[in-house]
Every structure is written in C-alpha cells, then in structure tokens.
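Commentary on secondary and tertiary structure
Spelled out from the first residue to the last, the chains are:
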Amino acid sequence: MPMHPQSKASAHIWRWNKLLPLAREAGRLVPVGRGGERRAIALANPSLGGRPYATPTLWAAIQYLMPGENAPEHRHTQHAFRFVLEGEGVWTVVNGDAVRMSRGDFLPQGGWNWHSHHNAATEPMSWIDGLDIPFAYYSESAFFEFGRDALSKEECSTPALSRSERLWAHPGLRPVAQLQDLPTSPLLAYRWVDTDRALNEQLALEAEGYAATLSPGHAAVRYTNPTNSRDVLPSIRCEMHRLRPGTSSTPRREVGSSVYQVFNGSGSVIVGEQHWKVEHGDLFVVPSWQTFSATSGAGTTAMDLFRFSDTPIFEALHAWRGQDVSA
C-alpha cells in the first residue's frame, strides 16, 4: 500500500519527425490485408517490459494507409478512436457509414462496431489510433471478429457528410426518434472547424472579462456523447487544449494516465522530473500521479494539445483523484 500511486510507466516522448519516416518506410515494406489487418506502429513505453503499450491501460499507434489501399473490415470489443494530425483522403466505414477523415478531426469508434478504412486520395495518410487494448487484455474481456473481405461500392463512396453527422451533428439538438442513452457516441466525426471555434470563443470571452477558461490563457474542450453528455467512450476521455502564446497551464496531477499530441504550435512541457521542448506532432505520456504542466511558445501561434486518458475507468470505480500542484 504505497503512500500514492507509483506507475510502472515512465514519462516518455516520441518525436513526430522520427515517427513519420518510420511510417513511410512501413508503407513501403508492410502490406495491408487480411490477417495483419492494419499497418500501425505502436508506441511502446520503455518501462512496460517490451509490451506495445503507451501506458498500462492505453494503446497508441500511428496508422498509415497508402493511396488506393483498403484496410479490411473487422470489429473488436476494445474501444478506439482516430485523430488526424495531417492529411486528407481517407474514409473510415463504420457499420456501412462512410466517414471522411481530415486534419484535426476526432473520430470515436465504440467497441464491437464493424469498421474498415479506404484511401481514396493520391497521397498516403497517417493518423493516431488510441485504444484501451491494455485494459481489455488485463481484464481478460476482449473479443475480435473478422468482417467481410470487401465492401460494397456504396460503402466505398466519399460523402462530405456521414449519416451519423447528418443525424447527430447539430449542437443542442437531438433527434426525437433517438432518445435512448447509448454507451458510446453515435456521432462518428467531431470536426476541427467546430473544435477550433469553441476554443477561440473561450479565449475571446476571457479577453472580454468573462470566466470561460481553465486558467488564464488556457482553453479546453471535451468530446462528449450527445446521448448522455458523458465521455465519448466508456474507458477513454478525449480533450483538446489550447494555450495562448507565452502562457502556462496550472501544474496538476491525477490518478490515471494520459497521452498527449501537439497538434499546433510549439512550447515546452514538464512531466514529473522530465522537461521537454515539444513541437508539431510530438507525442508524450503522463503517468499516473505525475505532475504535468505545459507552456506555449512566445511567438504568435497558440499551442494546441490533443489529450486522451483512462479517467472514465477510475471515475466509474470511484478511484479517481486530481490535485493542482503549487510551485
């Protein structure tokens, strides 16, 4: 019984300027098809005994799809999401619904839904995959099933809006025909244009003297399930944070682990005893109960940080705790 959580994971960073060349090389060497299913480079925390896990509960990977390629259909009970750092031209197909993937878009994937991907562009595309694979492994709760080897012509279409968006992507409005609460979000794409606007308005309201931010210069939004306002996935919390140039977040520690990616801008972060300069695309781990803070660079561009964590698991167990840490 330690005095406080002592994570087996270590604070660690993966540099985007090294990850992307590896993904390109994987595109040249590793085929996508039935069996391997996906071309993904898992981020392995060096303190977890060689397992391909970013933290004891979270899996993170860079998935890479070449022009004209199709990642075959399957489903699994692990909850997942995709977050697009850069690029355009891939559609993920969820239960027959083709969903466009573009820069800054967040795409949740609830467990046990059929899904595949196809690249309709002339360039490769990469994105982040986040899943609760380690948690499902340790809890011995995982199922997996292969789907069809090929999709229909209609499913391989490239609509600007998916059916899920046409039904659910209307702020504050819910279809009366769909009033039951669902465990995972039925909205399959949260578009960057909406996220960006929400963050900008928080900072604008703060500048006008209204309370709208977490701390001075620090705006944040959480992706939520429109059927119940809870997290988009039962085991994963996802957020986007924006720091004005030259501002810092409040140092904080929490039970549970997080993975961050720098979406825009640059700056520095402190994780426990580690201090890193960070820039576009870099990913890093914040282990359980290690103090974290971020500072945006002093230029003209805010620093945007995409974050996903295992917080919903600990909240469900009434084991979550958070604490601001004074300097």
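Quick caveat, the model's predicted, so the values are computed rather than measured. (Residues numbered from 1 in each chain as written. Predicted model: local features only at pLDDT ≥ 70, side-chain atom pairs only at ≥ 80, totals over all residues. Heavy atoms only, no water.)

Okay, the pairing of strand S5 (residues 80-86) next. Where burial is concerned, most of S5 is hidden: 6 out of the 7 residues are buried. Note that S5 and strand S8 (residues 106-109) share 4 bridges and pair antiparallel. Following the sheet pairing, Phe83 is matched in S8 by Phe106. Of the strand pairs in this sheet, S5 and strand S10 (residues 125-131) are connected by 5 bridges, and their pairing is antiparallel. Counterpart to Glu86 in the pairing with S10 is Ser126. (Buried < 20%, exposed > 50% of the residue type's maximum accessible area, 1.4 Å probe, protein only. Helix = DSSP H or I, 4+ residues; strand = E, 2+ residues; numbered from the N terminus. Pairing = 2+ DSSP bridges.)

Moving on, we come to the nonpolar core. Ranked by internal contacts, the top residues of the largest apolar core, which has 36 residues, are Phe81, Phe106, Met240, Leu283, Phe306 and Phe308. Sorting elements by how many residues they give to this core places helix H1 (residues 16-29) first, with 4 residues. Those residues within four positions of Phe106 in sequence are excluded, and the remaining contacts are Phe81, Arg82, Phe83, Leu188, Ala189, Tyr190, Tyr223, Val232, Cys238 and Phe306. (Core = buried A, V, L, I, M, F, W, Y, C linked by side-chain atoms within 4.5 Å. Contact = heavy atoms within 4.5 Å.)

Before going further, it helps to spend a moment on the side chain of Thr227. In this structure, Thr227 sits in the loop between strand S12 (218-222) and strand S13 (237-243). A distance of 2.9 Å separates a polar atom in the side chain of Thr227 from a polar atom in the side chain of Asn225. Discounting chain neighbours no more than four positions away, the residues touching Thr227 are Trp168, Arg174, Gln180, Asp181, Leu182 and Pro186. (Polar contact = N/O pair within 3.5 Å; in protein donor to acceptor, adjacent residues only side chain to side chain.)

With antiparallel pairing, the 5 strands of this open sheet are ordered in space as S2-S3-S10-S5-S8. Edge positions in the sheet fall to strand S2 (40-42) and S8, since each of these pairs with one other strand and no more. Pairs of neighbouring strands in the sheet enclose a mean axial angle of 25 degrees, with direction left out of account. Packing of H1 onto the sheet brings it into contact with S2, strand S3 (59-65), S5 and S10, and relative to S3 it is tilted by some 50 degrees. (Axes fitted to C-alpha atoms, helices over the stretch in contact; angles between N-to-C directions.)

Most of S13 is tucked away, with 7 of its 7 residues classed as buried. Burial along S13 is two-sided: the face carrying Arg237, Glu239, His241 and Leu243 and the face carrying Cys238, Met240 and Arg242 are both buried. Here S12 runs beside S13; their pairing, made up of 5 bridges, is antiparallel. Bridge pairing links Ala219 to Arg242 in S13.

The tally for this structure, following the rule as stated, stands at 19 aromatic pairs. With a centroid separation of 6.0 Å and 45 degrees between ring planes, the pair formed by Phe106 and Phe306 is classed as tilted. Placement of the pair is Phe106 in strand S8 and Phe306 in strand S20 (residues 303-309), with a sequence separation of 200 residues. Summarising the burial analysis for this pair, Phe106 and Phe306 share the class buried. Following the ring pairs from residue to residue traces out a cluster consisting of Phe81, Phe83, Phe106, Tyr190, Trp192, Tyr223, Phe263, Phe306 and Phe308. (Phe/Tyr/Trp six-rings, centres within 6.5 Å; stacked < 30°, edge-to-face > 60°.)

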